[in-house]
Amino acid sequence: MNKRIFTNLDVASLAAGSVAYGLINNAAIAVEGEKILWVGPADEVPQDLQSAEHSDLGGRLVTPALIDCHTHIVAGGNRAEEFEMRLNGASYEEVARAGGGINSTVRATRAADQDALMQQTLPRLDALIAEGVSSVEVKSGYGLEQDTELRMLRAARALETLRPVRIKATYLGAHAVPPEYADRADDYIDEVVIPTLRAAHAERLVDAVDGFCEGIAFQPEQIARVFDVAKELGLPVKLHAEQLSNLGGAKLAASYGAMSADHIEYLDEDGVIAMAQAGTTAVILPGAFYTLRETQRPPIYQLRKHKVPMALATDCNPGSSPLTSLLLTMNMGCTLFRMTPEEALTGVTRHAAQALGLSDAGVIAPGKRADLAVWDVKHPAELSYRIGFNPLHQRIFGGQL
């Protein structure tokens, strides 16, 4: 394989335990195929790499390519009319009676075939890629019956054939109780969620299993039954937890060694400690907080205190976070939750990789994938500072410009 060395650049490697941002000024990065061979000061390039093909990056900043570790981008339709109704004073009940809410997305998703779902998804995916994103997690959860849940997962998998991007597919059958199972959540778990999980696993469509642990969705003991099957199948778990109340979902997730607990606005210190002990990443989702005009902020101080890794993600979905900008998400994390710019950038690189179980991504280091983002900025803080501005110069995916 040909070797290439990128020169005339600054590197924010995001490597743990290094200087702020893992910053190296006047640096170079050597790659071979899809992997990084070496990174360091330009005047220390090893002799055996001196003859590699050189690419001058014009003094720009290079970071790991970004990772969106929590999305619902495969979905049918949109809920703009519902958004307008709410702003014109309609109540939740009035919106629901008019056909709004999650069930409107369920109807639109059930009505779409795989090609239609992919065509609706591609503009959202392209918006993420255009901001330097290389890896995206995609959840099911808008089918709420077996055929559509499997169709969503197949669509997610197929995205990799249409775009240079890595997709992690997450099964979220326990997202909501569909109308046909109203007041029968346990039956829905037994008759739809668990059988569909087994079918998705048999078809190799699922990388992780998620659920929504909340009063309007599922109780911890119901989620535990789903997680028991995931454990049996050897699949990692994650959880929508403590978004609207504290049901102990994060502690439940931690007890299963979950990769992440997401939202967590109502998380208490006991839950934080449980996550810290389990190595569970906190995924912070400011887009939903902003859209729903919530006031309860996630416990950033407690997460810092107990050294819980904090990831950031768009939560892109038709209802509560129609957000397709990870750069804006970084700004929101800083402005709304007082995360630092370094925490925000780490949250969409190294910690986002941890939340997805990606051991070969999220930092610039030898042996990692050469997924890189080249930015027209001088300092990494600029990536969180600007609002509605995309300074991406170039994305490098698996070593390819």
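My aim in this report is to walk through the structure given alongside it, one point at a time. Quick caveat, the model's predicted, so the values are computed rather than measured. The residue numbering used here restarts from 1 in each chain and proceeds along that chain's sequence as written. Local features in this predicted model are restricted to residues of pLDDT 70 or higher, and side-chain atom pairs are both shown and tallied only at a pLDDT of 80 or more, whereas totals for entire chains, interfaces and linings draw on every residue. With hydrogens and water excluded, all non-hydrogen atoms of the structure serve as input to the side-chain values.

Here's the deal with the nonpolar core
Then step 1. Put simply, buried Ala, Val, Leu, Ile, Met, Phe, Trp, Tyr and Cys residues joined by side-chain atoms within 4.5 Å make one nonpolar core. Buried residues are those whose accessible area, probed at 1.4 Å on protein chains only, stays under 20% of the maximum for their type, while exposed residues exceed 50% and partly exposed ones sit between those limits. With 93 residues, the main nonpolar core has Val136, Val209, Ile284, Leu303 and Trp375 as its most contacted residues.
Then step 2. Starting at the N terminus, helices and strands are each numbered in turn, a helix being any DSSP run of H or I of at least four residues and a strand any DSSP run of E of at least two. It is helix 6 (residues 185-202) that contributes the most residues to this core, eight residues altogether.
Then step 3. All domain edges in this entry derive from an automatic or database-based domain assignment. Here this core gathers at least three residues from each of two domains, domain 1 (3-65 + 362-396) and domain 2 (66-356).
Then step 4. The contact rule is simple, with two residues in contact once any of their heavy atoms fall within 4.5 Å. Ignoring sequence-local partners within four residues, the contact set of Val209 consists of Thr170, Tyr171, Leu197, Val226, Phe227, Ala230, Leu235, Pro236, Val237 and Lys238.
Then step 5. In terms of nonpolar packing, the next biggest core, distinct from the first, is built from 15 residues, Ile29, Ile36, Val62 and Ile396 among them.

Considering the packing of helix 6 against helix 7 (residues 220-233)
Then step 1. Running from amino to carboxyl end, helix 6 crosses helix 7 at an angle of 20°, the nearest separation of the two axes being 10 Å. Classified by the angle their axes make, helix 6 and helix 7 are roughly parallel. Where helix 6 crosses over helix 7, the handedness of that crossing is right-handed. Taken together, the residues of helix 7 that come into contact with helix 6 (itself represented by Ala185, Asp186, Ile189, Asp190, Val193, Ile194, Leu197, Arg198 and His201) are Gln222, Arg225, Val226, Val229, Ala230, Glu232 and Leu233.
Then step 2. In the scheme used here, Gly and all other residues not listed as nonpolar or charged are polar, with Ala, Val, Leu, Ile, Met, Phe, Trp, Tyr, Cys and Pro taken as nonpolar and Asp, Glu, Lys and Arg as charged. Counted by class, the contact of helix 6 with helix 7 contains nine nonpolar, two polar and five charged residues. In this analysis an axis means a line fitted to C-alpha atoms, helices contributing only their contacting stretch, and an angle means the value between N-to-C directions, from 0 to 180 degrees. Geometric relationships in this document are graded by angle, where less than 35 degrees denotes roughly parallel, more than 145 denotes roughly antiparallel, 65 to 115 denotes roughly perpendicular, and other angles denote oblique. Helix crossings are classified by the rotation of the near helix relative to the far one: an anticlockwise turn of less than a right angle makes the crossing left-handed, while a clockwise turn makes it right-handed.

Observations regarding the state of the cysteines
Then step 1. Pairs of cysteine sulfur atoms within 2.5 Å are what we label disulfides. For the coordinates displayed, the defined rule picks out zero disulfides.
Then step 2. Residue Cys69 stays outside any disulfide, its sulfur separated by 13 Å from that of Cys316, the closest cysteine.
Then step 3. On the accessibility criterion, Cys69 (1% relative accessible area) is buried.
Then step 4. Looking at Cys213, it has no disulfide partner, and the nearest cysteine sulfur is the one in Cys69, 19 Å off.

Details of the environment of Glu53
Then step 1. With respect to the helices and strands, Glu53 occurs in strand 4 (residues 53-64).
Then step 2. Between the C-alpha atom of Glu53 and that of Asn2, which follows or precedes it by 51 residues, the distance is 8.1 Å.
Then step 3. Excluding anything up to four places from it in sequence, Glu53 contacts Lys3, Arg4 and Ile5.

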